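Residue-level listing of the chains:
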Amino acid sequence: MTQIINNSIFALMKPNILQTPIDYLKGVGPSRAQLLRTELGIHTFQDLINLFPNRYIDKTRYYKIYELRPTSAEVQIVGKIVHLKTVEQKRGKRLVATFVDDTGQMELVWFRGHKWIRENLKLNTPYVIFGKTKYYNGYSMPHPEMELLSTHQQSLRITMQPVYPSTEKLSNKGVTNRVISKMMEALFTETQVKFMETLPVGILSDLHLISKSEAMFNVHFPKNQELLAKAQYRLKFEELFYIQLQLLIKKLVRKQKIKGFPFTEVGSYFNNFYSHHLPFELTNAQKRVIKEIRNDLGTSAQMNRLLQGDVGSGKTIVGLMAMLLAIDNGFQACIMAPTAILATQHFQGIQELVQDLDINVKLLMGSTTTKERRQIHEELEQGSLHILVGTHALLEDKVQFHNLGLAIIDEQHRFGVAQRAKLWHKNTYPPHILVMTATPIPRTLAMSVYGDLDISVIDELPPGRKSIKTVHRYDSNRLKVFKFIADEIKKGRQIYIVYPLIQESEAMDYKDLMDGYESIARYFPPPDYQISIVHGQMKPADKDYEMERFVKGQTQIMVATTVIEVGVNVPNASVMIIESAERFGLSQLHQLRGRVGRGAEQSYCILMTGHKLSEDSKTRLQTMVATNDGFEIAEVDLKLRGPGDIMGTQQSGVLNLKIADVVKDNEILKTARYYALQILKEDPALEKEQHAIVRYTYTQLGKHKNIWNYIS
Ligand code: ADP
Ligand code: MG
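Residues numbered from 1 in each chain as written. Chains lettered and ligands numbered in written order. Predicted model: local features only at pLDDT ≥ 70, side-chain atom pairs only at ≥ 80, totals over all residues. Heavy atoms only, no water.

- As annotated in an unreviewed UniProt entry, the protein chain carries the name ATP-dependent DNA helicase RecG and is attributed to Aquimarina brevivitae.

Printed below as a string of structure tokens:
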């Protein structure tokens, strides 16, 4: 007897009940189970319970037939079927029911499943029907959802009806939303699932959150709007809280465990440069960021910092000063850029800045000659080379540093994580890492994706910059634009004209570019005008030659594909013309525009398009015309494209949220991060009694890689 009782109690409390394969749920069976697995990735009870509704239909309202209007969306009506008939048609049979309430009548129509309906429908019995209505010589509702009024009144789903994620295949095979709701109901009633609380009492009471069990129940079977809102808030908070906790713990662990070389000295290179060789006064933002970097480098933990700053905000000099700190402490530094043009420009810029400092700077790229390479390798290994600038070529196995202390990666979005990690393995300790990016990542997204990195932001442009005037012009106005170009050239300015380059249609893009080039060349003939052209199909040496001519001011117009997007600096260029601007994404448009506005003159950006524009294209163009602020642009971009597209698939794990949305639930995210931070500040190892629940949940999370997996 005791034995039996114990067993049954054990069975009830067994957390594994939720690991039961979905096949065993009432109303599922093998073929539906297979569909659920392939279509929605639902294998177990657990997976089903974590299928959260996309939206809810308000079934708090019942319509009367006389209230129907041709525009009525989905409605719910109580009434009876008084007559059922089959109507033969050329294209097949339909089953038509006459449905009445005390205010009128309408038709219910089925194009398939007649046999089942004929056998199961009860005439003259109150039903609740639900569906979209159509108006044609009276109202009809095709394939209504139906439920006996008596059953309806007893069911759990009385008011707010959830709409679950689904696929076409599922609904074609009869696994409709109603069927899924039924399954959910069976799951809750049969298993009587009780959810273990996962948040500490302190947070629950602080934020007036409802319990886990209450939230889970109400997210699937909301009694009313208010409880639904509370349930969603609670579950979103929980999801974001544990993600933030994870990111923050990762950061803590990195700071404690991953040792780096401490740069304790602020020595003569840094000080000398700062006092005597700064070509301009640093902006406050630059000073602040340098301080942040200095603090990092001074500790014995490895720095892993993301430096964000809009195009032209002056990230290079910040990077250089960090490198000087490395050299002051007897280490080498490197800076890696995504293109040869950009690497060359960094090299020239840095060389100029440190020319009086007795610092050995070299440039390494794919095109570097064997002889030069040999010398670079040698000096690198000896340690007499202080700063190595280059492209991907820096990652080659032959490149061995004597003691690399700091690696700077410019324009981070072009490098994968694996490539970044390669730099690490060149040393006993990993070098400090500074990643510089001009693609502003909206703060909310940065928090969830790079929550474990430190982030510095240069949010101030050097003084005296005139903001760039941006306009949108149609292709039909091209001659006016050409006239404007001619006027600017007369004033001594230089012009960029950029064409899209999309991999899939490279040949077509090439043709567009060449056609454009020809018409420009006709309008701007030599000897009065000189034109450079740069595109992806040219040899690197030719590209460099053309680029060089433009940089030196020997040509007035640069016709190019997006190869010039990243980092190129020609202060005298004051006009950026972007052809087929509708084909570019927002961040790319912003990057391109950043090529101008670097000198003292008023600069312009002209976005050329055809007349046919999608809504998204219009929004992008309007945003560009309205603002120069990279962060604002990034927020719009995030709304247009969603977080997954912006960050790429690489980080999608972090963003693969079940219920929260990093964009829409931005405020909840901030709150969640705040609480995660508070707890870790107070109790970094989560040892205190009041955090036991957090510790337990966090550990479970590590085991299952899914925060919804801990229920008992
Ligand atoms: P980015 O952040 O886009 O890499 P750069 O580092 O290339 O920007 O700087 C853009 C231009 O602004 C360069 O010509 C640089 O010399 C100049 N610059 C940077 N900081 C300042 C400053 N504090 N005052 C004046 N000019 C500056
Ligand atoms: Mg730069």
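**Focus on the overall build of the protein chain**
(1) Moving on: Scanning the protein chain from terminus to terminus reveals 26 helices and 22 strands.
(2) Moving on: Counting over 712 residues, the protein chain shows a buried share of 51%.
(3) Moving on: Counting only contacts in the protein chain whose residues sit at least 6 apart along the sequence, the fraction spanning at least 24 positions is 73%.
(4) Moving on: Total accessible area computed for the protein chain in this model is approximately 34,200 Å², and 52% of it derives from carbon and sulfur atoms. (Helix = DSSP H or I, 4+ residues; strand = E, 2+ residues; numbered from the N terminus. Buried < 20%, exposed > 50% of the residue type's maximum accessible area, 1.4 Å probe, protein only. Contact = heavy atoms within 4.5 Å. Areas by Shrake-Rupley, 256 points an atom, 1.4 Å probe, with all protein chains shown as cover.)

**A word on the pairing of strand β7 (residues 139-142)**
(1) Moving on: With three bridges connecting them, strand β4 (residues 104-110) and β7 associate as parallel partners. Its bridge partner lying in β7, L108 is registered against M141.
(2) Moving on: Note: strand β6 (residues 134-135) against β7, two bridges, orientation antiparallel. Looking across to β7, one finds that Y135 is bridged to Y139. (Pairing = 2+ DSSP bridges.)

**Topic: the site of ligand 1**
(1) Moving on: As a structural note, the neighbourhood of ligand 1 is formed by 16 residues, with Q286, G312, K315, T316 and R465 the closest of them.
(2) Moving on: Contact distances for ligand 1 include 2.7 Å between an oxygen atom and a side-chain N or O atom of K315.
(3) Moving on: For ligand 1, whose unbound accessible area comes to 560 Å², protein coverage reaches 79%.
(4) Moving on: Class assignment for the residues of the shell around ligand 1 results in four nonpolar, seven polar and five charged. (Near = heavy atom within 4 Å. Polar contact = N/O pair within 3.5 Å; in protein donor to acceptor, adjacent residues only side chain to side chain. Nonpolar A, V, L, I, M, F, W, Y, C, P; charged D, E, K, R; others polar.)

**Side note on the nonpolar core**
(1) Moving on: Within the largest apolar cluster, 52 residues are counted, with the highest numbers of intra-cluster contacts made by F237, F241, L245 and L388.
(2) Moving on: The element that contributes the greatest number of residues to this core is helix α10 (residues 225-257), accounting for nine residues.
(3) Moving on: Non-local contacts of L245, meaning those with residues more than four positions away in its chain, are made with A676, L680, L686, V694 and Y698.
(4) Moving on: Core analysis: the second largest hydrophobic core is formed by 44 residues, F261, F263, V354 and L434 among them. (Core = buried A, V, L, I, M, F, W, Y, C linked by side-chain atoms within 4.5 Å.)

**Regarding the packing of aromatic side chains**
(1) Moving on: Applying the stated criterion across every chain yields a total of 18 aromatic pairs.
(2) Moving on: The ring of Y63 has R61 lying over it, and the distance from NZ or CZ to the ring centre is 4.0 Å. (Phe/Tyr/Trp six-rings, centres within 6.5 Å; stacked < 30°, edge-to-face > 60°. Lys NZ or Arg CZ within 6 Å of the ring centre and 35° of its normal.)

**Quick word on the packing of helix α12 (residues 284-298) against helix α13 (residues 315-328)**
(1) Moving on: One can describe the packing of α12 onto α13 by two numbers: an axis separation of 10 Å at closest approach and a directional angle of 30°. The angle between α12 and α13 places the two elements in the roughly parallel class. Between α12 and α13 the crossing geometry is right-handed. Side by side, α12 and α13 meet where Q286, V289, I290, I293, R294 and L297 of the first sit next to I317, V318, M321, A322 and L325 of the second. (Axes fitted to C-alpha atoms, helices over the stretch in contact; angles between N-to-C directions. Parallel < 35°, antiparallel > 145°, perpendicular 65-115°, else oblique. Left-handed = near helix turned anticlockwise from the far one by under 90°.)

**With respect to the pairing of strand β13 (residues 387-390)**
A regular strand places its side chains on the two faces of the sheet in alternate fashion.
(1) Moving on: What you see with β13 is no split at all: I387 and V389 on one side and L388 and G390 on the other are buried throughout.
(2) Moving on: Where strand β11 (residues 332-336) and β13 come together, four bridges link them in parallel fashion. What sits directly across from C334, in β13, is L388.
(3) Moving on: The pairing of strand β12 (residues 361-364) with β13 spans four bridges and is parallel. Within β13, the residue paired with L364 across the bridge is G390.

**Some thoughts on the sheet that holds β13**
(1) Moving on: Taken in spatial order, the seven strands of this open sheet run β12-β13-β11-β14-β15-β10-β16, and their pairing is parallel. Only two strands of the sheet have a single partner each, and these edge strands are β12 and β16 (454-458). Sheet twist, expressed as the mean angle between neighbouring strand axes with direction ignored, is 20°.
(2) Moving on: Relative to strand β14 (residues 404-410), β11 is paired through five bridges, and the arrangement is parallel. When the bridges of β14 are listed, M336 appears paired with I409.
(3) Moving on: The strands that helix α14 (residues 340-353) touches are β11, β12, β13 and β14; relative to β12, the one it contacts most, it runs at about 170°.

**Things to note about helix α19 (residues 506-523)**
Three or four residues apart is the spacing at which side chains of an α-helix point the same way, because the helix has 3.6 residues per turn.
(1) Moving on: Look at α19: 26 Å from first C-alpha to last across 18 residues, which is about the 26 Å you get at 1.5 Å a residue.
(2) Moving on: Contact partners of the buried residues in α19: α18 (478-490), β18 (494-498), β19 (531-534) and β20 (557-560). (Expected span 1.5 Å × (residues − 1).)

**Describing the packing of α10 against helix α25 (residues 666-682)**
(1) Moving on: In contact at an axis separation of 8 Å, α10 and α25 are set at 50° when each is read in the N-to-C sense. Overall, the two elements α10 and α25 adopt an arrangement that is oblique. Relative to α25, the crossing made by α10 is right-handed. Of the residues in α25, those in contact with Y233, K236, F237, L240, F241, Q244, L245, L248, I249, K251 and L252 of α10 are I668, L669, T671, A672, R673, Y675, A676, L677, I679 and L680.
(2) Moving on: Considered class by class, the residues forming the contact of α10 with α25 number 16 nonpolar, two polar and three charged.

**Quick word on the sheet that holds β7**
(1) Moving on: Strand order across the open sheet formed by seven strands is β6-β7-β4-β3-β2-β5-β8, with mixed pairing between neighbours. Each edge of the sheet is formed by a strand with only one pairing partner; in this case those strands are β6 and β8 (145-148).
(2) Moving on: Where strand β3 (residues 92-101) meets β4, seven bridges bridge the pair, whose relative direction is antiparallel. Looking at β4, one finds that A97 is bridged to L108.

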